[in-house]
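Letter by letter, the chains look like this.
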Amino acid sequence: MARLFDAYIIADWTAAEGKKLGEQTLWVGVAKRDVRFRLYTETHNVATRAEGEKLIADLLAEHRKRGDRVLVGFDFDFGFPAGTAARLKLDGRPWDVMGKFLAANIVDKADNTNNRYQVAAKMNRLMTDEAWPFWGSPASQAQRWLTTTKPPEGAGADIPEFRATELAARKDKLPPKSVWQMHGAGAVGGLTLLGVPMLRRLLDKLGASAAVWPFGTGWRELTEADVEPLSAVVVEVWPALFDAKRQVSAEGVKEYKTQAQVRTAAEAFAQMDDAGTLQKAFAPPKSADEALLAQVENEEGWILGV
């Protein structure tokens, strides 16, 4: 069975304010094959999201020139829980209109300063006129529509806390975070608000040569014929799914935890592709009904590997 991809790029994005390198910053892992088809990896660490966006675009342009097909993974939520777009009174396909809404509202400057907390507060105001569903801000960012603490039990009870993919991950004993949590260890809310507009810019740049799974491909097993006309398939990933062991270099330097995670995830997808099991990872679970298929393909998305 032929491999679907020639290279695998995994990005651990960041919502950081200010420039920073090292642990819990923006890392990109790349797994690719040499002329003898042996797999090798490299990792990159950049201080800002703007540098990360440029790095990904440059890596993709380089692979495209060589005629390579690339799997590109980002670790933020591509979609929001079902009903979010409707609550914001946005007309159209939920995934598309949410992307446009965030692209129009988020300001993310070259030095990493951004307005993610203000946008979360605006979305709360528009959705509920209360300090939910988004919650968790530093004290300096707290205001009427965004508080530092989780809303009381039952507040916004009709708004799902998780997407279907997170509920599936929980069944596998994996503890995902809700997109509504903006601040604190492992929070993905701010990451998502900043990541989705970047994803849209990347897709605009790539045009017809790229597809986002499952929104642009359908939630189904992908074959070589599906990916053959593309230079990139962009997916949502969760690097913590893979058991990352930090390596030590010949000089005795130990990898950062985040660095090890992006490298391990890139290698894992490459190995799945070698074994012919990656194709099946794109397919829904057997229990998925028509309603779930529509929810995932049009609004929520899914984490590859869950």
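Residues numbered from 1 in each chain as written. Predicted model: local features only at pLDDT ≥ 70, side-chain atom pairs only at ≥ 80, totals over all residues. Heavy atoms only, no water.

Asks: I'm lost on the overall build of the chain in this one. Help?
Replies: Of regular secondary structure, the chain possesses 10 helices and 6 strands. For 306 residues, the compact-globule estimate of 2.2 N^0.38 gives 19 Å, and the C-alpha radius of gyration of the chain, at 19 Å, lies within 12% of that figure. Residues counted as buried form 53% of the 306 residues belonging to the chain. In the chain, once contacts between residues fewer than 6 apart in sequence are set aside, the share between residues at least 24 apart is 65%. Each charge class in the chain can be summarised by its mean position, and for the 39 positive and 41 negative side chains these summaries are 3 Å apart. (Helix = DSSP H or I, 4+ residues; strand = E, 2+ residues; numbered from the N terminus. Rg over C-alpha atoms; globule rule 2.2 N^0.38 Å. Buried < 20%, exposed > 50% of the residue type's maximum accessible area, 1.4 Å probe, protein only. Contact = heavy atoms within 4.5 Å. Lys, Arg positive; Asp, Glu negative; His and termini not counted. Charge placed at Lys NZ, Arg CZ, Asp CG, Glu CD.)

Asks: Is there a simple way to think about the pattern of salt bridges in this case?
Replies: Side chains that differ in charge, positive against negative, can pair when their charged atoms come close. One pass over the structure, following the stated rule, counts 20 salt bridges. Across the salt bridge formed by D129 and R144, the nearest N and O atoms sit 3.7 Å from each other. Separated by 15 residues along the polypeptide, D129 in the loop between α4 (116-127) and α5 (164-171) and R144 in the loop between α4 and α5 bring together distant segments of the chain. In this structure D129 comes out as partly exposed when scored by relative accessible area, which is 37%. Each of D77, R163, E166 and E236 takes part in one network of salt bridges that share partners. (Salt bridge = Lys/Arg side-chain N within 4 Å of Asp/Glu carboxyl O.)

Asks: Looking at this structure, I do not really get the packing of aromatic side chains. What am I missing?
Replies: The way to describe two aromatic rings as a pair is by their centre distance and the angle between their planes. Taken as a whole and judged by the stated rule, the model has 11 aromatic pairs. Ring plane angle 75 degrees and centroid distance 6.3 Å describe the contact between F5 and Y8, whose orientation is recorded as edge-to-face. For Y8, a relative accessible area of 0% corresponds to the buried category. Centre to centre, the rings of W27 and Y256 are 5.6 Å apart; their planes meet at 45 degrees, and the pair counts as tilted. Here Y256 lies in the loop between β6 (232-236) and α8 (257-275) and W27 lies in strand β2 (residues 26-33), a separation of 229 residues in the sequence. Using a relative accessible area of 38% as the deciding quantity, one classes Y256 as partly exposed. Three or more aromatic residues link up through ring pairs in this structure, and these residues are W13, F74, F76 and F78. Stacked on the ring of W145, the Lys or Arg R125 has its end atom at 5.8 Å from the ring centre. (Phe/Tyr/Trp six-rings, centres within 6.5 Å; stacked < 30°, edge-to-face > 60°. Lys NZ or Arg CZ within 6 Å of the ring centre and 35° of its normal.)

Asks: How should the sheet that holds strand β4 (residues 70-74) be read in this particular structure?
Replies: Hydrogen bonds along the backbone pair up the strands of a sheet, which may run parallel or antiparallel. Strand order in the open sheet made by the 6 strands is β3-β2-β1-β4-β6-β5, with mixed pairing throughout. Pairing within the sheet leaves two strands with one partner each, and these edge strands are β3 (39-46) and β5 (210-212). Averaged over neighbouring strand pairs, the angle between their axes works out to 15 degrees when direction is ignored. Along the sheet, helix α1 (residues 49-65) makes contact with β1 (7-12), β2, β3, β4 and β6, crossing β2 at roughly 10 degrees. (Pairing = 2+ DSSP bridges. Axes fitted to C-alpha atoms, helices over the stretch in contact; angles between N-to-C directions.)

Asks: Mind showing me how you'd approach the side chain of T192 here?
Replies: Its place among the elements puts T192 in helix α6 (residues 189-206). You can call T192 buried: its relative accessible area is 0%.

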